[in-house]
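Here is how the chains run, residue by residue.
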Amino acid sequence: MSTESIVQSKTSRVQWIAKVSILSAVAFLLMLFEIPLPFFPPFYKLGFDEVAVMIGGFAMGPLAGAVIETLKIVLNLLFQGTDTACVGEISNLLIGLSLVIPSSIYYQRHKTRKGALVSLVIGTLSLAVIGSLSNYFIALPAYSYFYGLPMDAIVGMGTALFPLVSNTFTFVLFMTLPFNILKGVIVGIIVFVLYKRISPLLHR
């Protein structure tokens, strides 16, 4: 390998690290501003941190997206701490990875407007399924344990909003699943609108 190739390789590596670091910081900052929604329990809040993660995944591939998602969680733990022994953060990580990895894998192979739309649909479906499973098996039991809330009390929050919620399964079906789909759709729309405007900066 020539000296010029070595220099170019090191430069590319430094640029990759810099872009990932910046997008991770942006995702962390966006994570601080979450919006509660009136039709969902108060602990389900809509955040826009995944927009930065998705833009990184589209521009630099699934590995970059996964690293940005992971660094976002690490930064949040460092600056905000945890009150669920990291269980909530692990659930957040799984949900974020379930969105960015499949969608960015597809987009890397179909870099068109149609490909972007399909990739966002794939990511949203993945988020809906894995997000529901992680809530059922990880997040909801963790919130019940660490906040000292009986599961019946958590289910009751859902029942007050939608009478068909009667147990953990129906809570996930009628609360968690719609919330995750809504989040995926909103994030997808924002990414679809912004990505082509931002991608020239990330590809310099």
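Because the structure is a prediction, the values reported are computed rather than measured.

Chemist: For the overall build of the chain, give the residues involved together with the corresponding values.
Modeler: Regarding its fold elements, the chain presents seven helices and two strands. In terms of C-alpha radius of gyration, the chain reaches 19 Å, essentially the compact-globule figure of 17 Å for 204 residues. With the principal axes as the frame, the chain shows a C-alpha extent of 65 × 35 × 25 Å. Residues counted as buried form 42% of the 204 residues belonging to the chain. Considering only contacts in the chain between residues 6 or more positions apart, those separated by 24 or more positions represent 68%.

Chemist: So what's going on with the pattern of salt bridges? Which residues, and what values?
Modeler: Enumeration over the complete set of coordinates arrives at three salt bridges. A salt bridge links Lys72 to Asp49; the nearest nitrogen and oxygen atoms lie 2.7 Å apart. Of this pair, Lys72 sits in helix H3 (residues 62–80) while Asp49 is found in helix H2 (residues 49–60), placing the two residues 23 residues apart along the sequence. Just as Lys72 is buried, Asp49 falls in that class too.

Chemist: I'd like a rundown of a nonpolar patch on the surface, residues and numbers included.
Modeler: Taken together, the side chains of Ile90, Leu94, Val129, Ile130, Leu133, Tyr136, Phe137, Phe169 and Leu173 define a hydrophobic patch exposed on the protein surface, amounting to about 840 Å² of accessible area. Taken together, the elements giving at least two residues each to the nonpolar patch come down to helix H4 (87–109), helix H5 (113–146) and helix H7 (168–202). As for its position among the elements, Leu94 is in helix H4. In this structure Leu94 comes out as partly exposed when scored by relative accessible area, which is 35%.

Chemist: Let's hear about H5: which residues, and what values?
Modeler: By the largest-angle criterion, Asn135 marks the main kink of H5, which is about 55 degrees. Positive phi shows up at Gly148, right after H5, with a value of about 65 degrees.

Chemist: Provide a residue-level description of the side chain of Ser24, including the pertinent values.
Modeler: Structurally, the position occupied by Ser24 is in helix H1 (residues 3–31). With near-sequence residues (within four places) excluded, Ser24 lies in contact with Val67, Ile68, Leu71, Lys72 and Leu75.

Chemist: Let's hear about the packing of H2 against H3: which residues, and what values?
Modeler: For the pair H2 and H3, interaxial distance at closest approach is 6 Å and the crossing angle is 155 degrees. Between H2 and H3, the angle falls in the class roughly antiparallel. H2 and H3 meet at a crossing whose hand is right-handed. On H3, the residues that touch Asp49, Glu50, Val53, Gly56, Gly57 and Met60 of H2 are Pro62, Ala64, Gly65, Ile68, Glu69 and Lys72. The residue inventory of the contact of H2 with H3, partitioned by class, reads five nonpolar, three polar and four charged.

Chemist: So what about the UniProt feature "transmembrane region" (unreviewed entry) in the chain? Which residues, and what values?
Modeler: UniProt annotation of "transmembrane region" (unreviewed entry) refers to residues 20–39, 51–78, 115–138, 145–165 and 171–195 when read in the numbering used here. Here residues 115–138 is 100% helix and 0% strand, with 33 Å between the C-alpha atoms at its ends.

Procedures and definitions
Starting afresh in each chain, residues are numbered from 1 along the sequence in its written order. Selection of residues for local features in this predicted model requires a pLDDT of at least 70, selection of side-chain atom pairs for listing and counting requires 80 or more, and totals for whole chains, interfaces and linings are taken over all residues. For side-chain calculations, the full set of non-hydrogen atoms in the structure is used, while hydrogens and water are omitted. Each helix is a run of H or I in the DSSP string that is no shorter than four residues. Each strand is a run of E no shorter than two, and both are numbered from the N terminus. Two things to know: the radius of gyration comes from C-alpha atoms, and the globule rule equals 2.2 Å times the number of residues to the power 0.38. Exposure categories follow from relative accessible area, calculated using a 1.4 Å probe and restricted to protein chains: below 20% of the type maximum is buried, above 50% is exposed, and the middle band is partly exposed. Residue contacts follow a heavy-atom distance rule, with two residues in contact if any of their heavy atoms lie within 4.5 Å. Throughout this description, the term salt bridge denotes a Lys or Arg side-chain nitrogen within 4 Å of a carboxyl oxygen of Asp or Glu. Each patch groups residues whose relative accessible area exceeds 30% and which form no salt bridge, using 9 Å between like charges and 5 Å between nonpolar side chains of Val, Leu, Ile, Met, Phe, Trp and Tyr. Note on areas: Shrake-Rupley, 1.4 Å probe, and residue coverage restricted to the protein chains presented here. The bend reported for a residue corresponds to the angle between axes fitted to the seven residues ending at that residue and the seven starting there. Lines fitted to C-alpha atoms define the axes here, with helix axes fitted over just the stretch in contact, and angles between the N-to-C directions of these axes take values from 0 to 180 degrees. Roughly parallel here means an angle under 35 degrees, roughly antiparallel means over 145, roughly perpendicular means 65 to 115, and every remaining angle is called oblique. For a crossing to be left-handed, the near helix must be turned anticlockwise from the far one by less than a right angle; the clockwise case is right-handed. Each residue is assigned to one class: nonpolar for Ala, Val, Leu, Ile, Met, Phe, Trp, Tyr, Cys and Pro, charged for Asp, Glu, Lys and Arg, and polar for all the others, Gly among them. UniProt positions are given in the numbering used here, feature names are shortened, and annotations may be inferred rather than shown by experiment.

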